[in-house]
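Chains, contacts and geometry: an overview
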Amino acid sequence: MGKEKNQLNHLAIIMDGNGRWARKRHKPRVFGHKEGMNNVERITLAADKLGIKVLTLYAFSTENWARPKEEVAYLMNLPVKFFDKFMPTLMKNNVKVNIMGYLDHLPKATYDVVKKAMSETAQNTGLVLNFAFNYGSRKEIVSAAQEISKLVKEGKLEIDQITENTISNHLMTAKFGEYQDPDLLIRTSGEQRISNFLLWQIAYSELAFSEKAWPDFTEDDLNQFVENYQTRNRRFGKVNESDS
Ligand code: V0D
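What counts as what
- Residues numbered from 1 in each chain as written.
- Predicted model: local features only at pLDDT ≥ 70, side-chain atom pairs only at ≥ 80, totals over all residues.
- Heavy atoms only, no water.
- Near = heavy atom within 4 Å.
- Areas by Shrake-Rupley, 256 points an atom, 1.4 Å probe, with all protein chains shown as cover.
- Helix = DSSP H or I, 4+ residues; strand = E, 2+ residues; numbered from the N terminus.
- Nonpolar A, V, L, I, M, F, W, Y, C, P; charged D, E, K, R; others polar.
- Contact = heavy atoms within 4.5 Å.
- Buried < 20%, exposed > 50% of the residue type's maximum accessible area, 1.4 Å probe, protein only.
- Pairing = 2+ DSSP bridges.
- Right-handed = clockwise from strand over helix to strand, strands pointing away.
- Core = buried A, V, L, I, M, F, W, Y, C linked by side-chain atoms within 4.5 Å.
- Phe/Tyr/Trp six-rings, centres within 6.5 Å; stacked < 30°, edge-to-face > 60°.
- Lys NZ or Arg CZ within 6 Å of the ring centre and 35° of its normal.
- Expected span 1.5 Å × (residues − 1).
- Arc of directions from axis to C-beta.
- Axes fitted to C-alpha atoms, helices over the stretch in contact; angles between N-to-C directions.
- Parallel < 35°, antiparallel > 145°, perpendicular 65-115°, else oblique.
- Left-handed = near helix turned anticlockwise from the far one by under 90°.
- Salt bridge = Lys/Arg side-chain N within 4 Å of Asp/Glu carboxyl O.

**Observations concerning the site of the ligand**
- Taken together, 18 residues are adjacent to the ligand, and Met37, Leu75, Phe83, Ile99 and Phe133 come closest.
- Compared with its free state, where it exposes 520 Å², the ligand has 98% of that area covered by protein.
- Counting residues per element, the shell around the ligand draws most heavily on helix α3 (residues 69-92), which supplies five residues.
- Here the residues of the shell around the ligand sort into 15 nonpolar, three polar and no charged.

**Here we look at the side chain of Thr121**
- With respect to the secondary-structure elements, Thr121 resides in the loop between α4 (108-120) and β4 (128-135).
- Leaving out residues up to four positions away in the same chain, Thr121 has contacts with Met87, Met91, Val95, Lys96 and Val97.

**A word on the pairing of β4**
- Burial runs high along β4: eight of the eight residues are buried.
- For strand β3 (residues 96-100) and β4, the ladder comprises five bridges, and the chain directions are parallel. Residue pairing across strands places Ile99 opposite Phe131, the latter belonging to β4.
- Where the polypeptide runs from β3 across α4 and back to β4, its parallel neighbour, the crossover connection is left-handed.

**Focus: the nonpolar core**
- Grouped together as the largest cluster of nonpolar side chains are 45 residues, with contacts concentrated most on Leu11, Ile13, Phe82, Phe83 and Ile186.
- If one sorts the elements of this core by residue count, α3 sits on top with eleven residues.
- Ignoring anything within four residues of it in the chain, the contact list for Ile186 reads Leu11, Ala12, Ile13, Ile14, Ala208, Phe217, Leu222 and Phe225.

**So, the packing of aromatic side chains**
- Overall, the coordinates contain ten aromatic pairs when judged by the stated rule.
- Considering the side-chain rings of Trp21 and Phe31, the 5.8 Å spacing of their centres and the 20° angle between planes classify their relative orientation as stacked. Pair noted here: Trp21 is in helix α1 (residues 18-24) and Phe31 is in helix α2 (residues 29-49), with a separation of ten residues, a long-range link.
- With relative accessibility at 10%, the residue Trp21 sits in the buried group.
- With a centroid separation of 6.1 Å and an interplanar angle of 85°, the aromatic rings of Tyr58 and Tyr135 are classed as edge-to-face. Placement of Tyr58 in strand β2 (residues 54-61) and of Tyr135 in strand β4 is noted, with a sequence separation of 77 residues between them.
- Tyr58 gets classed as buried once you look at its relative accessible area, which sits at 7%.
- Ring-pair connections join several aromatic residues into one group, and the members of that group are Phe82, Phe83, Phe86 and Phe131.
- Above the plane of the ring of Tyr102 lies Lys139, whose end atom (NZ or CZ) is 4.0 Å from the centre.

**Re α4**
- Taking 1.5 Å per residue as the helical rise, α4 with its 13 residues ought to reach 18 Å, and the 18 Å between its terminal C-alpha atoms agrees with that figure.
- Listed in full, the buried residues belonging to α4 are Thr110, Val113, Val114, Ala117 and Met118. Buried positions in α4, seen along its axis, are confined to an arc of 135° and lie on one side of it. Every exposed residue of α4 that faces more than 90 degrees away from the buried side is listed here: Lys108, Ala109 and Ser119.
- Those residues of α4 that are buried are in contact with α3, β3 and β4.

**Points about the packing of α3 against α4**
- The geometry of α3 relative to α4 is characterised by a closest axis approach of 8 Å and an angle of 20° between their N-to-C directions. Looking at the two axes, α3 sits roughly parallel to α4. Crossing geometry of α3 relative to α4 is assigned as left-handed. Counted together, Met76, Pro79, Val80, Phe83, Met87 and Met91 of α3 and Ala109, Thr110, Val113, Val114, Ala117 and Glu120 of α4 form the full contact between these two elements.
- Of the residues assigned to the contact of α3 with α4, the class counts are ten nonpolar, one polar and one charged.

**Overview of the pattern of salt bridges**
- Applying the stated rule across the entire model yields 15 salt bridges.
- The salt bridge involving Arg25 is made with Asp216; its shortest N-O contact spans 3.9 Å. Residue Arg25 is found in the loop between α1 and α2, and its partner Asp216 is found in the loop between β6 (206-209) and α7 (219-230); the two are separated by 191 residues along the sequence.
- Classification of Asp216 by relative accessible area gives partly exposed; the value is 31%.
- Note that Glu219 is salt-bridged to Lys49, the shortest N-O span being 2.9 Å. Residue Glu219 is located in helix α7, and its partner Lys49 is located in helix α2; the two are separated by 170 residues in the primary sequence.
- One connected set of salt bridges, linked through shared partners, spans Asp16, Arg20, Arg187, Glu191 and Arg193.

In structure tokens:
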């Protein structure tokens, strides 16, 4: 059987190691966050070049609220900084912005800027840049369970009609259709854990880990991970053709 390259449609990245990167340089943690933010632009453009359809970036989890107040304030202002700086480039490259997460209790300036970015880029048809922002996967699954229960209670759905697709369709990734599950998940900075990110959606994703901190993770690094992914043997739980 010929080996076909795996198509990489949805790439997810946990952008870890920004604070440590700064500390190593005797700088405040927020210096790392800023450099990490600049790297979001570089990697977005690199992903676009590779023909990736959806790039999901894990920027802030629901647990990160426990950090020092000044750091949380700085983080909450990063979307404002990000769009100030990069919106023209995003528009020029036909990038569509999506924010996936619990947006209700964000500071107003943050809420306004992310809503504005989504509406300004809503007609773009290129790469989808999807920020997981104030996102938690277990919470997302709980919300799905609540929505589905409501449908059952209202008599709009029978219990035995609930399938894997029912769950998938009530997650925040549902809008990406055939691309809703990541093909590849990369975590930077050496930690090898998922940290409550896309638990349902990564059931069959390939996982990859980089030792580099996020600010140091380059287009070349990305290209190497993607090349490695393309030669992996994906089975989705089935027996491989060449093994059978
Ligand atoms: C900090 C590395 C862009 C991770 C990247 C508040 C650590 C830089 C955004 C962003 C963060 C989020 C939403 C949006 C537009 C941009 C961002 C956070 C942290 C969490 F609509 N970078 N970035 N958000 N860092």
